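# Breakdown of the fold
Here are the chains, one letter per residue:
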Amino acid sequence: MLSNMATSLILHKRITTTLAKAKVLRGYVEPLLTKSKSDTTHSRRTVFSYLQDKEATTILFREIAEKIANRPGGYTRIIKLENRLGDNAEMAIIELVDYNTVYGVDTAAAAKKSTRRRGGAAKPKTAAPVAAEEVAVAEEVKEAPVAETEAPATPEAEENAEKGE
């Protein structure tokens, strides 16, 4: 039974079974995965004697061994599920760690997130939008001094300006 379950795990990368079987399967499969790291004739024959499936052995040594080459151990993950309805048995998913894309995405997203600290550097303030009334007042102030210098305010000054004085 363990060799069939190990073959299914290698072919499908994830299987659902009872928690007790998943824990026993982990102890059966992990040494085989460790042996697959060294691709020698002896290790292939040893793994084949446990699995009794040529296709699973080929996939194990070609695809899976490349992904787990740098991992020092812990090739499988057991995730507990709800109890089975029929007999209330504890269910679990056992999967190969390097083939789960869901957990890989979460860790990449978590790495990008930065922590916020209290009292950090303040961001530069952006200028608030100026109201239309404030703009009109500012324009009048700018024009007022210019208008006084160009045009005389009194009638006597106008006569003097016309005469050229």
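Scope of this entry: the structure provided in the associated data block. These numbers were taken from a predicted model, which means no experiment stands behind them. (Residues numbered from 1 in each chain as written. Predicted model: local features only at pLDDT ≥ 70, side-chain atom pairs only at ≥ 80, totals over all residues. Heavy atoms only, no water.)

The next thing to look at is the sheet that holds strand E1 (residues 14-18). Overall, antiparallel pairing links the three strands, which are arranged E1-E3-E2 in an open sheet. A single partner strand is all that each edge strand has here, and the edge strands are E1 and strand E2 (76-80). Between one strand and the next, the sheet's axes are offset by a mean angle of 25°, whatever the strand orientation. Judged from the five bridges that link them, E1 and strand E3 (residues 91-96) form a sheet pairing that is antiparallel. In the sheet register, Thr16 faces E3, and the bridge partner there is Ile93. Along the sheet, helix H2 (residues 19-36) makes contact with E1, E2 and E3, crossing E2 at roughly 170°. (Pairing = 2+ DSSP bridges. Helix = DSSP H or I, 4+ residues; strand = E, 2+ residues; numbered from the N terminus. Axes fitted to C-alpha atoms, helices over the stretch in contact; angles between N-to-C directions. Contact = heavy atoms within 4.5 Å.)

This next bit is on the pairing of E3. For E3, the buried fraction is high: six of the six residues fall into the buried class. The alternating pattern of E3 places Met91, Ile93 and Glu95 on one face and Ala92, Ile94 and Leu96 on the opposite face, and all of these are buried. (Buried < 20%, exposed > 50% of the residue type's maximum accessible area, 1.4 Å probe, protein only.)

Side chains that are nonpolar tend, in soluble globular proteins, to be buried together. Judged by nonpolar contacts, the single largest core of 24 residues is most densely connected at Leu25, Leu33, Leu51, Leu60 and Ile64. Sorting the residues of this core by element identifies helix H1 (2-12), H2, helix H3 (41-51), helix H4 (54-67) and E3 as the ones contributing at least two each. Here this core gets seven residues from one element, more than from any other, and that element is H2. (Core = buried A, V, L, I, M, F, W, Y, C linked by side-chain atoms within 4.5 Å.)

Tracing the backbone through its elements, the reader meets Glu95 in strand E3. Side-chain polar atoms of Glu95 contact the side chain of Arg14, separated by 2.8 Å. (Polar contact = N/O pair within 3.5 Å; in protein donor to acceptor, adjacent residues only side chain to side chain.)

Bringing the packing of aromatic side chains into the picture now. The full count for this structure, using the stated rule, is one aromatic pair. Judged by centre distance (5.9 Å) and plane angle (75°), the ring pair of Tyr28 and Tyr50 falls under edge-to-face. Separated by 22 residues along the polypeptide, Tyr28 in helix H2 and Tyr50 in helix H3 bring together distant segments of the chain. Using a relative accessible area of 39% as the deciding quantity, one classes Tyr50 as partly exposed. The cationic tip of Lys13 hangs over the ring face of Tyr99; the distance from NZ or CZ to the ring centre is 5.1 Å. The aromatic ring of Tyr99 is capped on one face by Lys67, whose charged end is 4.4 Å from the ring centroid. (Phe/Tyr/Trp six-rings, centres within 6.5 Å; stacked < 30°, edge-to-face > 60°. Lys NZ or Arg CZ within 6 Å of the ring centre and 35° of its normal.)

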